[in-house]
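Read off the chains here:
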Amino acid sequence: MSDVLAVLKKSPVIPVLAFKSAQEAVDVCRVLFDEGLSVLEITLRHESALAAINAVKEDLPADACVGAGTVVTPALAEAAIEAGAEFGVSPGLTPELAAAVKKLNWPFLPGIATLSEAMQAREWGFTELKFFPANISGGTGFLKAVGSVLPDLTFCPTGGISVDTAPDYRALPNVATVGGSWITPRGRDGSIDLGLVRELARTAVEGH
Ligand code: 3PG
C-alpha cells in the first residue's frame, strides 16, 4: 500500500480547507478532528496557509494527518513539507511537479480530469489520484468507465461533492474517500460557524 493510499483510507471524507488565519485553522480543525475527521487538507490558497498547517500540526494530537492542498509547483511542495504537511494534493500534474514530489519522497495525490491525464500520471508512478472537478468532469459515470480500463487506479473525487452525492462516489470500488469543502461553509459575514461545522462533520461521518 502506498503512503498516500494509507492516508486516503483513514477517513471517509477529507475536508478541503481554506483558512484566513492560523487561529481560525486551529479552531475549525479541532472540531473536525473531534468529530472523527482525522485527515485534513489545508489548501495553499491564502497567505496564512503555511502558518495554518504548522499551527494545526502543533495543536492536534499526533494521529491527526495534516496535508497541503493546491500544491501546484515544486516550490510549494517544498514549502508545505517545511511547514509540516504530511501529504500533498494538487488539482493537476506537470512533469516538473511529478519529478519534484518523487524526489522529495512525499505522499502525493495529483489531480486528473481525463483518461489521458490518468494514464500519464500512472506512467509517472501515481496510482492514487484526485478526480477534479468531479461533478463537471463526468462524476460517478467517469469513474466507472475508468475502473473498467484502468482497474489499478484508486481515486479521491473532489469538486462539487455534497453530503447527498458523497455516498454514490464512495460506493464505487475504485474510490477510497471523497474530498470537499461543504463541511466548512462561510457565512455571509465571512466567518465559519463552529456549531454548524460540528453538525456537518457528524453527518458526513455518519452518512458514510
Ligand atoms: C478542491 O480543491 O478539491 C476543491 O476546491 C474542492 O471542491 P469543492 O469546494 O467544490 O468541495
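Scroll up a little and you will see the structure.
All values derive from a computational prediction rather than experimental measurement. (Residues numbered from 1 in each chain as written. Predicted model: local features only at pLDDT ≥ 70, side-chain atom pairs only at ≥ 80, totals over all residues. Heavy atoms only, no water.)

Draft legend 1. Focus on the packing of aromatic side chains. Scanning all chains against the criterion turns up three aromatic pairs. Look at Phe-108 and Phe-126: their rings are 6.3 Å apart centre to centre, the planes differ by 65 degrees, and that puts the pair in the edge-to-face class. With Phe-108 in strand 5 (residues 108-109) and Phe-126 in the loop between helix 6 (115-123) and strand 7 (128-131), this pair connects stretches of sequence that are 18 residues apart. Overall, the relative accessible area of 7% leaves Phe-126 in the buried class. For the ring pair Phe-131 and Phe-142, a centre distance of 4.6 Å and an interplane angle of 20 degrees mean the geometry is stacked. Highlighted residues: Phe-131 in strand 7 and Phe-142 in helix 7 (residues 139-149), separated in sequence by eleven residues. The pair Phe-131 / Phe-142 is uniform in exposure class, with both members buried. (Phe/Tyr/Trp six-rings, centres within 6.5 Å; stacked < 30°, edge-to-face > 60°. Helix = DSSP H or I, 4+ residues; strand = E, 2+ residues; numbered from the N terminus. Buried < 20%, exposed > 50% of the residue type's maximum accessible area, 1.4 Å probe, protein only.)

Draft legend 2. Here's a closer look at unusual backbone geometry. Note the cis peptide between Phe-132 and Pro-133, where omega equals -10 degrees. Relative to the elements of secondary structure, Pro-133 occurs in the loop between strand 7 and helix 7. Its identity is not glycine, yet Thr-70 carries a phi of approximately 55 degrees, on the positive side. Inspection of the secondary structure assignment puts Thr-70 in the loop between strand 3 (65-69) and helix 4 (74-83). For Asn-105, which is not glycine, the phi torsion reads 55 degrees and is therefore positive. Of note, Asn-105 is situated in the loop between helix 5 (95-104) and strand 5.

Draft legend 3. Expanded view of empty space enclosed by the protein. Evaluated as defined, the whole model comprises one cavity of 30 Å³ or more. The space that makes up the largest cavity amounts to roughly 30 Å³. Around the largest cavity, the lining residues are Val-163, Ala-166, Pro-167, Arg-170, Trp-182, Thr-203, Ala-204 and Gly-207. Listing elements by their share of the lining of the largest cavity, those giving two or more residues are helix 8 (166-170) and helix 9 (194-206). Ranked by residue count, the leading element in the lining of the largest cavity is helix 8, at three residues. Looking at the lining of the largest cavity residue by residue, the class counts come to five nonpolar, two polar and one charged. (1 Å grid on protein atoms, 1.4 Å probe; cavity = no way out; pocket = protein on both sides within 12 Å on 5 of 7 lines; lining within 4 Å. Points joined across faces, edges and corners; volume = space filled by probe spheres on them. Nonpolar A, V, L, I, M, F, W, Y, C, P; charged D, E, K, R; others polar.)

Draft legend 4. Region of interest: the nonpolar core. Core analysis: the largest hydrophobic core is formed by 57 residues, its most contacted members being Leu-32, Ile-42, Val-56 and Trp-106. Residue contributions to this core peak at seven residues, all from helix 2 (residues 22-34). Look past the residues within four positions of Leu-32 in its chain and what remains in contact with it is Pro-15, Leu-17, Leu-37, Leu-40, Ile-183, Thr-184, Val-197 and Ala-201. (Core = buried A, V, L, I, M, F, W, Y, C linked by side-chain atoms within 4.5 Å. Contact = heavy atoms within 4.5 Å.)

Draft legend 5. Seen up close, the packing of helix 2 against helix 3 (residues 49-59). Following both chains from N to C, one finds helix 2 and helix 3 inclined at 45 degrees, their axes separated by 8 Å at the closest point. In terms of their interaxial angle, helix 2 and helix 3 are classed as oblique. When you trace helix 2 past helix 3, the crossing you get is right-handed. When helix 2 is examined against helix 3, the residues Ala-22, Ala-25, Val-26, Cys-29 and Arg-30 are found in contact with a partner set consisting of Ala-51, Ala-52, Ala-55, Val-56 and Asp-59. The residue inventory of the contact of helix 2 with helix 3, partitioned by class, reads eight nonpolar, no polar and two charged. (Axes fitted to C-alpha atoms, helices over the stretch in contact; angles between N-to-C directions. Parallel < 35°, antiparallel > 145°, perpendicular 65-115°, else oblique. Left-handed = near helix turned anticlockwise from the far one by under 90°.)

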